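# Overview (structure and organization)
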Amino acid sequence: MAVILGKAPGKIILFGEHAVVFGQPAIAIPVNKVKAAARVFPDFDSTQGHIQIQALDIGLDENLSDLNRNHPLAAAVYLTLDALEPQNIPAFTLQLSSTIPIAAGMGSGAAVTVAIIRGVSAFLGHTLPDPVVAELSFEVEKIHHGNPSGIDNNVVTYGKPVYFLRDEPIKFLNVDEPTHWLIADTGEKTPTYETVSEVHKKHAIAPQYYDQIFIKIGNLTRQGCDALTKGNLSLLGQLLTENQRLLQLLDVSSPKIEHLIQAAMDTGASGAKLSGGGRGGNIIALVPASKLELTKSALIEAGATMVISTKLTKESK
Ligand code: PMV
């Protein structure tokens, strides 16, 4: 039996993080230059049902039965087995790898989960449809984040630009004009659940104040969707920068984020903001094609630990 491969891309959020948790829309796009992969090898030497999980990047090499059911990697396997209810499970080794930066707002946890679900289900002879993969991976997102909106698992499952509203059917975006984005890593790692739970606490203390910020972010997201699909790039840039101003009010930015945003804007970005949970992680900048190299160098000069470029086109899927 050949090795089975399950994979999923990284993602970035263009508009609407945090507000999306409170029912506002958000826009996210896949980033195919980074990926999570789950390779499934049959293990002919072990007895039926023996499942070994190896994630050597994080020093993990464990039998599934030795991991807590709430361990995110184990949970992804158990959820897949529960969904498929196979008659028998041939022994296998699940080898995980990922080039998606961890705790950096690029959907690494969701992508690893989706890769596992796809790899294990394919190994057991069933290709689960994307809506089922998205639903199962959402269960693991709850372990990662506590109260996730569902945007990460959806965008990495479908691998397409999405306009996402909690508890509503997902909408895919068609863009008319290509856009170029630089994703620059601050190198600061803050788990999403930390900023999400802080924003929740603040909202509980002053709901009206925070609700009006979320509503404003939602409005920007709707306008951003229009600007993106119609190719109005100067407006798109302004809206991104405006979204960042509102994220500052939520107190999820950081001096390093602001420094990288400034570096991008100084070298010709049309707009820039943090992407994801914030307080570190990545910034995204919308950059004209002619300024990509210059802006990339400026971001590295300003201390970005990694800069990835990604292009969103009509064909992006
Ligand atoms: O996982 P991250 O860091 O890309 O952030 C997800 C976006 C949030 O809106 C902050 C949380 C959520 O569940 O939508």
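Structure: see above.
This write-up is about the structure you can find in this document. As the structure is a prediction and not an experimental result, all values here were calculated from the model.

About the thresholds
Residues numbered from 1 in each chain as written. Predicted model: local features only at pLDDT ≥ 70, side-chain atom pairs only at ≥ 80, totals over all residues. Heavy atoms only, no water. Helix = DSSP H or I, 4+ residues; strand = E, 2+ residues; numbered from the N terminus. Rg over C-alpha atoms; globule rule 2.2 N^0.38 Å. Buried < 20%, exposed > 50% of the residue type's maximum accessible area, 1.4 Å probe, protein only. Contact = heavy atoms within 4.5 Å. Near = heavy atom within 4 Å. Polar contact = N/O pair within 3.5 Å; in protein donor to acceptor, adjacent residues only side chain to side chain. Areas by Shrake-Rupley, 256 points an atom, 1.4 Å probe, with all protein chains shown as cover. Nonpolar A, V, L, I, M, F, W, Y, C, P; charged D, E, K, R; others polar. Pairing = 2+ DSSP bridges. Axes fitted to C-alpha atoms, helices over the stretch in contact; angles between N-to-C directions.

## Some words on the overall build of the protein
Helices and strands together make up the secondary structure of the protein, namely nine helices and eleven strands. Here the protein has a C-alpha radius of gyration of 20 Å; the compact-globule value for 317 residues is 20 Å, and the two agree. Taken along its principal axes, the extent of the C-alpha atoms in the protein is 60 × 45 × 35 Å. For the protein, the residues scored as buried account for 54% of the 317 residues in total. Across the protein, every contact between residues at least 6 apart in sequence was considered, and the portion connecting residues at least 24 apart equals 73%.

## Considering the site of the ligand
Near the ligand, the surroundings consist of 16 residues, among which K11, H18, S149, D152 and T192 are the closest. Between the ligand and D152 there is a distance of 2.7 Å, counted from an oxygen atom to a side-chain nitrogen or oxygen. One nitrogen or oxygen atom from the main chain of G277 is found 2.9 Å from an oxygen atom belonging to the ligand. Surface burial for the ligand is 97%, taken as the share of its 380 Å² of free accessible area covered by protein chains. If you list the elements that add at least two residues to the shell around the ligand, you get β1 (4–15), α4 (151–158) and α5 (192–205). Class assignment of the residues belonging to the shell around the ligand gives a composition of six nonpolar, seven polar and three charged.

## Describing the sheet that holds strand β11 (residues 306–312)
Pairing is antiparallel in the open sheet, where four strands are placed in the order β9-β10-β8-β11. The open sheet terminates on both sides in strands that have one partner only, identified here as β9 (271–275) and β11. The mean inter-strand angle of the sheet, taken between neighbouring strand axes irrespective of direction, is 25 degrees. Of the strand pairs in this sheet, β9 and strand β10 (residues 282–286) are connected by five bridges, and their pairing is antiparallel. What sits directly across from A272, in β10, is A285. Running at roughly 10 degrees to strand β8 (residues 179–185), helix α9 (residues 292–301) makes contact with β8, β10 and β11 of the sheet.

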